[in-house]
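Structure assessment
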Amino acid sequence: MAAVTIGACQGCGACLLTCPTHAIRPVPGGLAVRADRCTGCLECLEICPVDAIRVTDTDERGGTR
């Protein structure tokens, strides 16, 4: 499973509009990805104009490797 993390976000909202499962949500100070909704389609990576979205591998327990 992969988790998407958002850094260097400029707040354009392109990923919010693109995410088919609405996994990306605004939070105070930026954006957050709801892992329970993310299917790993990576549409957000394709649309982000500043490459602010990164994919991190997670192990079966949910920890980052």
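Scroll up for the structure.
Residues numbered from 1 in each chain as written. Predicted model: local features only at pLDDT ≥ 70, side-chain atom pairs only at ≥ 80, totals over all residues. Heavy atoms only, no water.

Let's shift gears to the environment of Ala-8. Here Ala-8 shows up in the loop between β1 (2–6) and α1 (14–18). Ala-8 gets classed as exposed once you look at its relative accessible area, which sits at 59%. Residues Ala-8 and Ile-53, spaced 45 residues apart in sequence, show a C-alpha to C-alpha distance of 8.0 Å. Not counting the four nearest positions on each side in its chain, Ala-8 is found in contact with Val-50 and Ala-52. (Helix = DSSP H or I, 4+ residues; strand = E, 2+ residues; numbered from the N terminus. Buried < 20%, exposed > 50% of the residue type's maximum accessible area, 1.4 Å probe, protein only. Contact = heavy atoms within 4.5 Å.)

What follows deals with the state of the cysteines. If you walk through the whole model with that rule in mind, you get zero disulfides. Free of any disulfide, Cys-15 has its nearest cysteine sulfur in Cys-9, 6.0 Å distant. Overall, the relative accessible area of 9% leaves Cys-15 in the buried class. Between Cys-38, a free cysteine, and Cys-44, which holds the nearest cysteine sulfur, the sulfur-to-sulfur gap is 6.5 Å. (Disulfide = S-S within 2.5 Å.)

Let us now look at the pairing of strand β2 (residues 24–27). One ladder, built from four bridges, connects β2 with strand β3 (residues 30–33); its direction is antiparallel. Looking at the pairing, Ile-24 lines up with Val-33 of β3. In textbook terms, the turn of a hairpin is the stretch between consecutive antiparallel strands, and for β2 and β3 this stretch comprises two residues, one of which, Gly-29, has a positive phi near 90 degrees. (Pairing = 2+ DSSP bridges.)

The next point concerns empty space enclosed by the protein. Evaluation of the coordinates by the stated rule reveals one cavity of 30 Å³ or more. Lining the largest cavity are 14 residues, and of these Cys-19, Cys-38, Cys-41, Leu-42 and Cys-44 lie nearest its centre. Of the residues assigned to the lining of the largest cavity, the class counts are ten nonpolar, three polar and one charged. (1 Å grid on protein atoms, 1.4 Å probe; cavity = no way out; pocket = protein on both sides within 12 Å on 5 of 7 lines; lining within 4 Å. Points joined across faces, edges and corners; volume = space filled by probe spheres on them. Nonpolar A, V, L, I, M, F, W, Y, C, P; charged D, E, K, R; others polar.)

Enumeration according to the criterion identifies one salt bridge in this entry. Two residues, Asp-36 and Arg-34, come together in a salt bridge whose shortest N-O distance is 2.8 Å. Under the relative-accessibility criterion, Arg-34 is labelled partly exposed at 33%. (Salt bridge = Lys/Arg side-chain N within 4 Å of Asp/Glu carboxyl O.)

For His-22, which is not a glycine, the phi torsion comes out positive at approximately 55 degrees. On the secondary structure map, His-22 appears in the loop between α1 and β2. Of the residues examined, His-22 reaches a relative accessible area of 46% and is grouped as partly exposed. Positioned with a positive phi, Asp-51 is a non-glycine residue whose angle comes to about 50 degrees. Looking at the secondary structure, you find Asp-51 in the loop between α2 (43–47) and β4 (53–57). Judged by relative accessible area, Asp-51 falls into the partly exposed class, the value being 49%.

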